[in-house]
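Descriptive structure summary
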Amino acid sequence: MKIQKTELAQKMNKIKSVVPKKTTQPVLQGILVKDGYLIANNMEMTIKAKIEGAEGEEFIIPEKAFDLINNLPEGEVEIAVTAKNTITIKADKIKNKYKTLDADLFPVTAVQEEGNELTITAEMLLKSIKHVSYAIPAQGANAVMTAMCMQAKEGQLNFVGLDGHVLAWDKVDYDGEFKLLIPKNTVEKLKSIGLSGDIQIKHNNTGVVFSTGDYEVYTRLIEGEYFQYKTLFKELPLHTIISRNALLDAMIRAKMCTEEKNPVRFEMSGNTLSLSIKDKTTDYSETVELQEEIQKNLIMGFDARLVLETLKAFDCDNVGLSIDSPKMPMIVEAEDSDFKAIVLPVAIK
């Protein structure tokens, strides 16, 4: 195989995080080159990255060769099988041999031929994923909670993430019906890999694959019943609008003044929101203007980190805030899309 070092390194670096550090199958601790693709697999997720010059090739690049490839000079790299389970990497005046494993032992999982398909633009998919992914916990006792729910129903394609303290929901128009629970690791990889153009999504009861001209991302699906998220988004009696950037900047300033996990205090009155954080060393307060007068004075407490992460997930200029009482969740809504989120309050003194 002859390939430009830049292309090889870029594609390899996109998928190498899938290579498992520990496994009962040593063959997975490398990247398979096969049929014009680089392939990484950890038995839960498989990623294929298309590369030029690898058609008809079949061998495994061992993990210990990754750093060498990244540090080769610019120009052409040649990788060849020079003996049984041995590959040689050459670039300019550099040459090195690596012991590897039989490529036939490398498992490549994929969605079975039977399944449903849909096509969506990468821009639309990634925008919705980025909106809700912050609300998905990295781990938890309930596996369903560590998944993004991607549900098509009643003319909408819904994207949902929740962790028990915050809930994020985005949706786009789509005519069909299915429900997929996609692991957080796969969601993060879809965000970072660099998908573009149209994405074909093929799925069955156990797995789903996201395909473009350059990449294929396969993942096993999480089994279980997802939370009935729509029931929490009710019409609330109190509503106002605020500049997202103004509130975000105020929250960042308040949070940086304390190292403790103290809640942020929201006090809404008329056309102002006064926020404050107080601990042993800090007594920070700031006032932010509301664009619509709130019809009732209200004092609430929130986890400062969750408020920050929620505001960062939005990309509009202004957000709507809907509330009811200090013990009820606050709904945050985008002004330019169907994206909305819920933040649960916390007790304050």
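Read on for a plain summary of the structure. (Residues numbered from 1 in each chain as written. Predicted model: local features only at pLDDT ≥ 70, side-chain atom pairs only at ≥ 80, totals over all residues. Heavy atoms only, no water.)

**Looking at the sheet that holds strand β6 (residues 76–83)**
Reading across from one edge, β1-β6-β7-β8 is the order of the four strands in this open sheet, with antiparallel pairing throughout. If you trace the sheet from one side to the other, it starts and ends with β1 (2–4) and β8 (94–99), each paired once. The mean inter-strand angle of the sheet, taken between neighbouring strand axes irrespective of direction, is 25°. Two elements, β1 and β6, share three bridges in a ladder whose sense is antiparallel. Bridging from a neighbouring strand, Lys-2 pairs with Glu-78 of β6. The strands that helix α1 (residues 5–15) touches are β1 and β6; relative to β1, the one it contacts most, it runs at about 80°. (Pairing = 2+ DSSP bridges. Helix = DSSP H or I, 4+ residues; strand = E, 2+ residues; numbered from the N terminus. Axes fitted to C-alpha atoms, helices over the stretch in contact; angles between N-to-C directions. Contact = heavy atoms within 4.5 Å.)

**A closer look at the sheet that holds strand β14 (residues 198–203)**
Taken together, eight strands build an open sheet; the order of strands is β5-β2-β3-β4-β16-β15-β14-β9 and the sheet is antiparallel. In the strand order of this sheet, the two ends are held by β5 (58–62) and β9 (116–121), each with one partner. Geometrically, the sheet is characterised by an average inter-axis angle of 20° between neighbouring strands, direction not taken into account. Sheet topology places strand β2 (residues 30–34) next to strand β3 (residues 37–41); three bridges connect them, and they run antiparallel. The residue of β3 that forms the bridge with Lys-34 is Tyr-37. Sitting on the sheet, helix α4 (residues 184–192) touches β4 (45–50), β15 (207–211) and β16 (215–220), and the angle it makes with β4 is about 15°.

**Description of the pattern of salt bridges**
As enumerated under the stated definition, the model contains 11 salt bridges in all. With a closest N to O distance of 3.8 Å, Lys-48 and Glu-216 form a salt bridge. Here Glu-216 lies in strand β16 and Lys-48 lies in strand β4, a separation of 168 residues in the sequence. Given a relative accessible area of 19%, Lys-48 falls into the buried group. In this structure, Arg-253 and Glu-286 form a salt bridge, with 2.7 Å as the shortest nitrogen-oxygen distance. Pair noted here: Arg-253 is in helix α5 (residues 244–256) and Glu-286 is in strand β19 (residues 283–302), with a separation of 33 residues, a long-range link. The network of salt bridges with common partners includes Lys-184, Glu-188 and Lys-191. (Salt bridge = Lys/Arg side-chain N within 4 Å of Asp/Glu carboxyl O. Buried < 20%, exposed > 50% of the residue type's maximum accessible area, 1.4 Å probe, protein only.)

None of this, on its own, says anything about what the molecule does.
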